[in-house]
Structures are given as C-alpha cells and as structure tokens.
Amino acid sequence: MVYNHLKILESEAIYVMREVAAQFERPYLLFSGGKDSIILAHLARKAFYPGSIPFTLLHVDTGHNFPETLAFRDQLMEKLGARLVVRYVQDSIDQGRAVEEVGPFASRNGLQTVTLLDALAEFKVDAAIGGARRDEEKARAKERFFSHRDEFGQWDPKNQRPELWNLYNGRKLPKENFRVFPISNWTELDVWQYLQMEQIELPSLYFSHERDVIDRDGVLLAASEVVYAVGEEKVERRVVRFRTIGDMTCTGAVESNAGDLNDIVAEVASARVTERGARADDKRSEAAMEDRKKQGYF
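An account of the accompanying structure is given in this report. Since this is a predicted model, take the numbers as computed values, not measurements.

Conventions we followed
- Residues numbered from 1 in each chain as written.
- Predicted model: local features only at pLDDT ≥ 70, side-chain atom pairs only at ≥ 80, totals over all residues.
- Heavy atoms only, no water.
- Helix = DSSP H or I, 4+ residues; strand = E, 2+ residues; numbered from the N terminus.
- Contact = heavy atoms within 4.5 Å.
- Polar contact = N/O pair within 3.5 Å; in protein donor to acceptor, adjacent residues only side chain to side chain.
- Core = buried A, V, L, I, M, F, W, Y, C linked by side-chain atoms within 4.5 Å.
- Buried < 20%, exposed > 50% of the residue type's maximum accessible area, 1.4 Å probe, protein only.
- Pairing = 2+ DSSP bridges.
- Axes fitted to C-alpha atoms, helices over the stretch in contact; angles between N-to-C directions.
- Patch = residues over 30% accessible without salt bridge, like charges linked within 9 Å, V, L, I, M, F, W, Y side chains within 5 Å.
- Areas by Shrake-Rupley, 256 points an atom, 1.4 Å probe, with all protein chains shown as cover.
- Salt bridge = Lys/Arg side-chain N within 4 Å of Asp/Glu carboxyl O.
- Parallel < 35°, antiparallel > 145°, perpendicular 65-115°, else oblique.
- Nonpolar A, V, L, I, M, F, W, Y, C, P; charged D, E, K, R; others polar.

Concerning the environment of Arg 83
Phase 1: In this fold, Arg 83 is placed in the loop between α3 (67–80) and β3 (84–88).
Phase 2: Counting along the chain gives 26 residues from Arg 83 to Leu 57, while the straight-line C-alpha distance between them is 6.1 Å.
Phase 3: Residues within four places of Arg 83 in sequence aside, it is in contact with Tyr 28, Thr 56 and Leu 57.
Phase 4: Side chain to side chain, Arg 83 and Thr 56 meet in a polar contact 3.1 Å long.

A word on the nonpolar core
Phase 1: Counting residues in hydrophobic clusters, the biggest one holds 59 residues, and the most contacted among them are Leu 29, Ile 39, Leu 43, Phe 55, Phe 146 and Trp 192.
Phase 2: Counting residues per element, this core draws most heavily on helix α2 (residues 35–48), at eight residues.
Phase 3: Not counting chain neighbours up to four residues away, the residues in contact with Leu 29 comprise Met 17, Leu 40, Ala 41, Ala 44, Phe 55, Thr 56, Leu 57, Leu 58 and Ile 129.
Phase 4: By size, the runner-up hydrophobic cluster in this structure holds 15 residues, among which are Tyr 28, Leu 30, Phe 123 and Val 125.

Description of the pairing of strand β7 (residues 209–216)
In summary, the side chains of a regular strand alternate between the two faces of the sheet.
Phase 1: Bridge count for β7 against strand β9 (residues 235–241) is six bridges, and the pairing is antiparallel. Each residue of the ladder has a partner; that of His 209, found in β9, is Val 240.
Phase 2: Note: β7 against strand β8 (residues 219–222), four bridges, orientation antiparallel. Within β8, the residue paired with Arg 216 across the bridge is Val 219.

What to know about the sheet that holds β3
Either a parallel or an antiparallel arrangement is found when strands of a sheet pair, and the pairing is made through backbone hydrogen bonds.
Phase 1: What the six strands build is an open sheet, ordered β3-β2-β1-β4-β6-β5; its pairing is mixed. The open sheet has two edge strands with one neighbour each: β3 and β5 (146–149). If you compare each strand with its neighbour and ignore which way they point, the axes differ by 30 degrees on average.
Phase 2: Two elements, strand β1 (residues 27–30) and strand β4 (residues 127–129), share three bridges in a ladder whose sense is parallel. Bridge pairing links Leu 29 to Ile 129 in β4.
Phase 3: Against the sheet, helix α1 (residues 4–23) makes contact with β1, β4, β5 and β6 (177–180), and its axis sits at roughly 45 degrees relative to β5, the strand it touches most.
Phase 4: The sheet strands contacting α3 are β2 (56–61) and β3, and the helix crosses β2 at an angle near 170 degrees.

Quick notes on a nonpolar patch on the surface
Phase 1: Residues Leu 164, Trp 165 and Leu 167 make up a contiguous nonpolar surface patch of roughly 420 Å² in combined accessible area.
Phase 2: Looking at where Leu 164 falls in the secondary structure, it is placed in the loop between β5 and β6.
Phase 3: Taking the relative accessible area as the measure of exposure, Leu 164 reaches 48% and is therefore partly exposed.

What to know about the packing of α1 against helix α6 (residues 188–198)
Axes are the key here: two packed helices are described by the angle between their axes and the distance separating the axes.
Phase 1: Relative orientation of the contacting elements α1 and α6 amounts to 95 degrees, with a least axis distance of 10 Å. Accordingly, the angle class assigned to the pair α1 and α6 is roughly perpendicular. In this structure, α1 uses His 5, Leu 6, Lys 7, Leu 9 and Glu 10 to contact α6, whose residues at the interface are Asp 190, Gln 193, Tyr 194, Met 197 and Glu 198.
Phase 2: Class assignment for the residues of the contact of α1 with α6 results in four nonpolar, two polar and four charged.

Here it is, written out as structure tokens:
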C-alpha cells in the first residue's frame, strides 16, 4: 500500500535533518528506544546514505527502563553502526544533582531533565534532535521545528522564532542550544503507517503479549521491582501492548490483541484516546508536560 502523504512527511523530516547537519557544529540525536526515536534513526540513515549517520545518539537511562527496550537499543546501534552514548539518572542521584522521589508512587521520569541538561553541557551540544510530535500533547503542539533553548536549557513558549517558507533560524548566543523536531507534523497514525511501509523493526513491547499489570487510577502499569501493588491494588495477568515506551513507573499499557503492524494501524485509526493518555506522568497536573519542558525536558 502506498501512502503519498508519508513520502511528503519523510522528505520534510530529511530536509530538517540536513539543515541541522549544515547549521550546527555538535548535533546529537536523542534516542529513547521508542518508535519515534527509532524512526528518527531510520530517517537519519536515509538522509545521509551512503555515508554514515553524522549525529551521535544520546540515551538518558532512568534505570527503570524496560529490559526489552535496552536490548533492542543495543541491537539497533550495532546494525546501524551508529555511535551511542548513555548517561544515567542514577549517576545524577549519586552525585547529588537530583533527588529521588520516595514512596510507592515514586518515578524517575522527571529526573531525566537534570541528566539530559548535564549531558548536553558535557558534550557541548548545540542541537538536540528529538522525536516529539505536535499531536502528542498540547505543550508539544507549541514547539517549532527549531525550538530555541536559553543558556539554562529552558524553553520559553512565547519566545520562539517564526518559521516561514521552511526557513529555519539556528542562530544562537554562546551556551544556548536548540531542540529540533523533524517529525513534528506527523500523527500517531502516520508513524505506524510509516513503520508499516518501511517495515521497520520495533521492540516486542509494542505488540500484543501477556504481562502482569497493575491498574493504578486507570493506567495499566507493568508490575516489576519498581512498580508493585499498594493497598487494594492487585497484580493481574492481561493481554496488552504499549502505544508509547518510557520509564516503567509511568508508562501505561493498553489492552489489545494487535499482534502485527497491520493490526496496530487499524487499531490506532479507530482510537479515540491519545497515546499519551496512558502516561501517568502527564496526569500529575494540567500543565505537567509544559512545566517539565520549561525546565529543560525534551
């Protein structure tokens, strides 16, 4: 099946990546092991083929990642021949740079910001490419393709530059940087259709499987050493899959029998809840995502 609009979106994303390579000295590609960052790696390979990917890939490991994600990450890096650097939230905690939450509902998701900003400073990154899309969440809908960050890595949604006629302004002062979002205009359905069209491999978490989960305020969290039943909560065996992948403490599953890309495309096409509707971190406040982005979150 041919999707002409996907070729247009692909061309736009590749154009943005080439602009990054042309305008910045130390661009890095943020890699989480999720479907969007996997697509970014695929697009980067296409954009500069037959040459190698000109971006170092950076993964911020919370220590609470799904084992399947980490295994897939390492396999993909070997396949791509790409350079990957990993920085750990645990190191930020050990160094006193971040304070770990305590209690049964604790999460390290928000602590990623400290580790990320330290890594960007360590490598003197002037452009960090990310897989955020405008359809995911209302705060991300405010982002430009080239999203300016001040010297503290913070985002001011009222101080972004216009992007007319596909002209992207990468000028900055010392210590400032940009977050760049090549697939901003893609929807979740576009992502899955592109994965289907390109036959891109994904972590097994995205496909239907049996797993022990805990229903916590309507979010199905995977039972693990860091997510355990509290009070009247129960561990139940269900057939689920994940629409988005992040820290285990806040990434919810959905009940689903979608076992391949064709099934997922059909499921997403009929879905009425955004993929981030299963993210517990977005439910902490009405402006949870925007608050984190202003602090430097990606």
